Amino acid sequence: MSQLGLGMGEPDPEDHEPAFIEREEPRRGRRSSRRRRRRGCIPVLLVLVVVAGGLALGGKIAYDEISARLAPAPDYAGPGTGEVLYEVKDGATSAQIGRDLKAAGVVKSVDAFTAAALENQESRNIQVGFYTLQKQMKASEALEVLVDPVNRVRNQVTVPEGLRAVDVATLLGEKTDFPRAQFTRELENPTALGLPDYAEGNPEGYLFPATYEVGPKDSPRTILRAMVDRWRQAAEDADLEARAEQLGFTPAEVMTIASLVEAEGRGDDMAKISRVLYNRLETKGPPTFGKLEVDATVNYALGRNLGVAISPEDLDVDSPYNTRKNPGLPPGPIEAPGEEAIRAALEPAEGDWLFYVTVNLRTGETKFAEDYDEFLRYKKEYQQYCETSDAC
């Protein structure tokens, strides 16, 4: 009973102090912990304030960046002033064109031009060439000029087959802004034209007949060089050097034969005329004694149009180009052959012909003979044609 009374009634004096201590110690611990927690909240709040401030600043920066991206790119109002000649080069992208135009003062920003290009599907079809623009143009208006091929600054010159170098100079003098004398001067000193070594500095025959686009920055030298470059392309396409070797001739000799074929034939007859020339070169005895006897070479020796009829007096001209007197090939081409003539020189037809006569100058009908008597019959047919025609 006493034990139960002690436990349930008044506390034991011996237990009072320990009991008090047990109650007070936890109380002091909680207050101290709360004080520590209150002191610890201050740095945390400061961190939160700093983070929140950083987020706000970062959000402002991001907002400014987005706003800048969404804002229209800097652009001129247009319509522009002055004149700027701009060249679109092969492979140029809209960004590259935009950079060029900005550097030239045409557009205000690259972004404005590329944005205009994205909205205009025709921007994918901008053609290489020169265009006249203005400074401080609205980007979309500058693009409208470039997408229209009509706005290209160009001058096309067609050089036909069969022209001599002097004729080419005359034609270019008429069709470009440069006088004939400037082209003649370049042809007289052709070291910068890119001729093959075997041309030995003679541009005759190597100014390839084609249509050329003369740009505002071209000069007589660049125009003539472009013609030689175009010849190189044709020579590579025909595999000129390798196939000439297969025939037993040099590339220069084949080019000379091609020029004679160009002067004397047309169409399907070219390959047959080519065969006649090769046969004559290989016939050292009668009836040709290795002479080509091409009238066009006589006219070339006389410095006149290759289509002019020759007289007996003309046949006596003292020149290595006179194939009526001299056996073998002349020193070089007498005019510029085209692709057909070059191909015919490399691929002569099969046959034993030694003669040919154009019996109708209007239609170009040409007959081929293997012996001299047959040739004389065709020659008489030609003479009869001339008696009834004013084409001779």
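Refer to the preceding data block for the structure.
My aim in this report is to walk through the structure given alongside it, one point at a time. Just so it is clear, the structure is predicted and the values come from calculations on it, not from any experiment. (Residues numbered from 1 in each chain as written. Predicted model: local features only at pLDDT ≥ 70, side-chain atom pairs only at ≥ 80, totals over all residues. Heavy atoms only, no water.)

1. Some details on the overall build of the protein
Item 1. Across its full length, the protein carries 14 helices and seven strands.
Item 2. Relative to its 392 residues, the protein shows a buried fraction of 37%.
Item 3. Residue pairs at least 24 apart in sequence account for 62% of intrachain contacts in the protein once pairs closer than 6 positions are excluded. (Helix = DSSP H or I, 4+ residues; strand = E, 2+ residues; numbered from the N terminus. Buried < 20%, exposed > 50% of the residue type's maximum accessible area, 1.4 Å probe, protein only. Contact = heavy atoms within 4.5 Å.)

2. What to know about the sheet that holds strand S3 (residues 152-153)
Item 1. Taken in spatial order, the three strands line up as S1-S2-S3 in an open sheet, and their pairing is antiparallel. Looking at the sheet topology across the chains shown, the edges are occupied by strand S1 (81-88) and S3.
Item 2. Relative to S3, strand S2 (residues 129-135) is paired through two bridges, and the arrangement is antiparallel. Paired with tyrosine 131 across the bridge in S3 is arginine 152.
Item 3. Packing against the sheet, helix H5 (residues 139-147) makes contact with S1 and S2, and its axis sits at approximately 160 degrees to S2. (Pairing = 2+ DSSP bridges. Axes fitted to C-alpha atoms, helices over the stretch in contact; angles between N-to-C directions.)

3. Section: the packing of aromatic side chains
Item 1. Tallying each qualifying case throughout the model produces eleven aromatic pairs.
Item 2. With 6.4 Å between their ring centres and 75 degrees between their planes, tyrosine 198 and tryptophan 231 make a pair best called edge-to-face. On the criterion of sequence distance, the pair formed by tyrosine 198 in the loop between helix H7 (180-188) and strand S5 (211-214) and tryptophan 231 in helix H8 (residues 220-237) is long-range, its members being 33 residues apart.
Item 3. Residue class for tryptophan 231 comes out buried when judged on its relative accessible area of 2%.
Item 4. When the centroid spacing of 5.1 Å and the interplanar angle of 70 degrees are considered together, the rings of phenylalanine 249 and tyrosine 278 count as edge-to-face. Within this pair, whereas phenylalanine 249 is found in the loop between helix H9 (240-247) and helix H10 (251-264), its partner tyrosine 278 is found in helix H11 (residues 269-282), the two being separated by 29 residues in sequence. (Phe/Tyr/Trp six-rings, centres within 6.5 Å; stacked < 30°, edge-to-face > 60°.)

4. Digging into the environment of phenylalanine 130
Item 1. Inspection of the secondary structure puts phenylalanine 130 in strand S2.
Item 2. Sequence separation of phenylalanine 130 and arginine 154 is 24 residues, and the distance between their C-alpha atoms is 7.3 Å.

5. Let's talk about the pairing of S5
Item 1. Side-chain alternation along S5 places Tyr212 and Val214 on a buried face and Thr211 and Glu213 on a face that remains uncovered.
Item 2. Here four bridges tie strand S4 (residues 155-158) to S5, and the two strands are oriented antiparallel to one another. Paired with valine 157 across the bridge in S5 is tyrosine 212.

6. Some remarks on the packing of H10 against H11
Item 1. At a minimum axis distance of 9 Å, the contact between H10 and H11 shows a crossing angle of 130 degrees. Relative to H11, the element H10 is oriented oblique. Of the two elements, H10 crosses H11, and the hand of that crossing is right-handed. Across from Val254, Ile257, Leu260, Val261, Glu262 and Glu264 in H10, the residues of H11 making contact are Met270, Ile273, Ser274, Leu277, Tyr278 and Leu281.
Item 2. A per-class count over the contact of H10 with H11 returns nine nonpolar, one polar and two charged. (Parallel < 35°, antiparallel > 145°, perpendicular 65-115°, else oblique. Left-handed = near helix turned anticlockwise from the far one by under 90°. Nonpolar A, V, L, I, M, F, W, Y, C, P; charged D, E, K, R; others polar.)

7. Focus: the pattern of salt bridges
Item 1. In this structure the tally under the stated criterion is twelve salt bridges.
Item 2. In this structure, the salt-bridge partner of glutamate 381 is lysine 367, at a minimum N-O distance of 3.0 Å. With glutamate 381 in helix H14 (residues 372-387) and lysine 367 in strand S7 (residues 365-369), this residue pair connects regions lying 14 residues apart in the sequence.
Item 3. Glutamate 381 sits in the partly exposed class, given a relative accessible area of 29%.
Item 4. Overall, lysine 367 belongs to the partly exposed group, its relative accessible area being 24%.
Item 5. Several salt bridges share partner residues, and in doing so they unite Arg152, Arg154 and Glu213 into one network. (Salt bridge = Lys/Arg side-chain N within 4 Å of Asp/Glu carboxyl O.)

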